Amino acid sequence: KKGPLDPAKRGEMLGETPLPDRDSDRHDGSKTEGAAAAAAAGGGRKGGAMWASMSAEMKQNILGSLFPGRSFVRGGTQDMGGERKALHNQPFEKDAEKQKRYERFCDALEGRVQPSQAYADDEKMGKAAAAREREEFGRVYKLFRQSHPEAPSTPAAIEQAEKEEGNAGGGVGLPNAP
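Parameters at a glance
Residues numbered from 1 in each chain as written. Predicted model: local features only at pLDDT ≥ 70, side-chain atom pairs only at ≥ 80, totals over all residues. Heavy atoms only, no water. Helix = DSSP H or I, 4+ residues; strand = E, 2+ residues; numbered from the N terminus. Buried < 20%, exposed > 50% of the residue type's maximum accessible area, 1.4 Å probe, protein only. Areas by Shrake-Rupley, 256 points an atom, 1.4 Å probe, with all protein chains shown as cover. Axes fitted to C-alpha atoms, helices over the stretch in contact; angles between N-to-C directions. Parallel < 35°, antiparallel > 145°, perpendicular 65-115°, else oblique. Left-handed = near helix turned anticlockwise from the far one by under 90°. Contact = heavy atoms within 4.5 Å. Nonpolar A, V, L, I, M, F, W, Y, C, P; charged D, E, K, R; others polar. Core = buried A, V, L, I, M, F, W, Y, C linked by side-chain atoms within 4.5 Å. pLDDT = per-residue confidence, 0-100. 1 Å grid on protein atoms, 1.4 Å probe; cavity = no way out; pocket = protein on both sides within 12 Å on 5 of 7 lines; lining within 4 Å. Points joined across faces, edges and corners; volume = space filled by probe spheres on them. Salt bridge = Lys/Arg side-chain N within 4 Å of Asp/Glu carboxyl O.

### Some details on the overall build of the chain
Tallying secondary structure elements over the chain gives nine helices and zero strands in all. Helices and strands appear in the chain in the N-to-C order α-α-α-α-α-α-α-α-α. When the 178 residues of the chain are sorted by exposure, 22% land in the buried category. A total accessible area of about 13,200 Å² is found for the chain, and carbon and sulfur atoms account for 55% of it.

Here it is, written out as C-alpha cells:
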C-alpha cells in the first residue's frame, strides 16, 4: 500500500516544472521579494497602513512580484455583479447584425413592432437557420426576464419607458426603487 504523494513527486510524474523558489519561500518562513520590499518600506510598523508610505511604482512592483502576469483595476470601474451589462441586454454585442435581429425579436415579442419584423431576415439567412436563431433568442430573452423582470429589453423599450415615466424618478428607463 502506497502513501500519499508528496507535491514534488506528483509534479514530477505529471511533467510539471517547479516554480522558481516561490514554494521554498513559503515553506521555510523566509520572506518573498514583495514581503521584503513591504517590510523595508515600513509596512510592518505598528499602526500604519502598509501602502500609506509607498509610491505608486513601489506598489505596482510589489503586486507584480506577488501576482506575476496579473493586472489590477479599481473596483469602481468594474461591473462586479453584471448589473450594468444585464440592464442593457446586449447578449450579442460582438455581432452587431445579430444584436439588431435580437432587438427586433424582443420588440416584436413585447408588442412594440409587428411580429413580421422578427421574420424580416429569414430569406437572407435561410428558414432553418433563422428558426434556430429565434429559438436561441427565445432562450436568451427568457433568462434575461427571469433575472430582470422589469428592466427594458431594448433601446426602443428604454425610449418607451422614458416617455411613459416622463423621465421622472428612477433614471434612464429603469423602474423606480420602492
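Let's pick the thread back up.
### Thoughts on the packing of helix H6 (residues 96-109) against helix H8 (residues 127-147)
A pair of packed helices is characterised by two quantities: the angle between their axes and the separation of those axes. Packing of H6 against H8 brings their axes to within 10 Å, and their N-to-C directions diverge by 70°. Here H6 lies roughly perpendicular to H8, going by the angle between them. Read as a crossing pair, H6 and H8 show a hand that is right-handed. On H8, the residues that touch Lys98, Arg101, Tyr102, Phe105, Cys106 and Leu109 of H6 are Glu133, Arg134, Glu136, Phe137, Gly138, Val140 and Tyr141. Tallied by class, the residues present in the contact of H6 with H8 amount to seven nonpolar, one polar and five charged.

### Topic: the nonpolar core
Side chains of nonpolar character tend, in soluble globular proteins, to be buried together. Core analysis: the largest hydrophobic core is formed by six residues, namely Phe92, Tyr102, Phe105, Cys106, Phe137 and Tyr141. For this core, the secondary-structure elements that each account for two or more residues are H6 and H8. With three residues, the top contributor of residues to this core is H6. Once residues within four sequence positions are removed from consideration, phenylalanine 105 is found in contact with Ala118, Arg134, Phe137, Gly138 and Tyr141.

### Side note on the confidence of the model for the chain
Per-residue pLDDT for the chain averages 74, and the proportion of residues at 70 or more is 63%. Element-level mean pLDDT values for the chain span from 51 in helix H2 (residues 22-28) up to 93 in H6. In this model, residues 41-47 is a region of pLDDT below 50 whose contacts with residues beyond four sequence positions or in other chains number seven contacts. With pLDDT under 50 throughout, residues 169-178 is counted as low confidence; its partners more than four residues away or in other chains account for 16 contacts.

### Re empty space enclosed by the protein
For the structure on display, the rule yields one cavity of 30 Å³ or more. Of the voids in this model, the largest cavity is the one considered here, and its volume is about 90 Å³. Sorting the residues of the lining of the largest cavity by element identifies H6, helix H7 (122-125) and H8 as the ones contributing at least two each. With four residues, H8 is the largest single contributor of residues to the lining of the largest cavity. For the lining of the largest cavity, the per-class residue count stands at seven nonpolar, one polar and six charged.

### Comments concerning the pattern of salt bridges
Within this structure, the stated rule accounts for eleven salt bridges. Arginine 10 is paired through a salt bridge with glutamate 16; the nearest N and O atoms lie 3.5 Å apart. Judged by its relative accessible area of 37%, arginine 10 falls in the partly exposed class. Two residues, arginine 104 and aspartate 121, come together in a salt bridge whose shortest N-O distance is 2.5 Å. Separated by 17 residues along the polypeptide, arginine 104 in helix H6 and aspartate 121 in the loop between H6 and H7 bring together distant segments of the chain. We classify arginine 104 as partly exposed; its relative accessible area is 25%.

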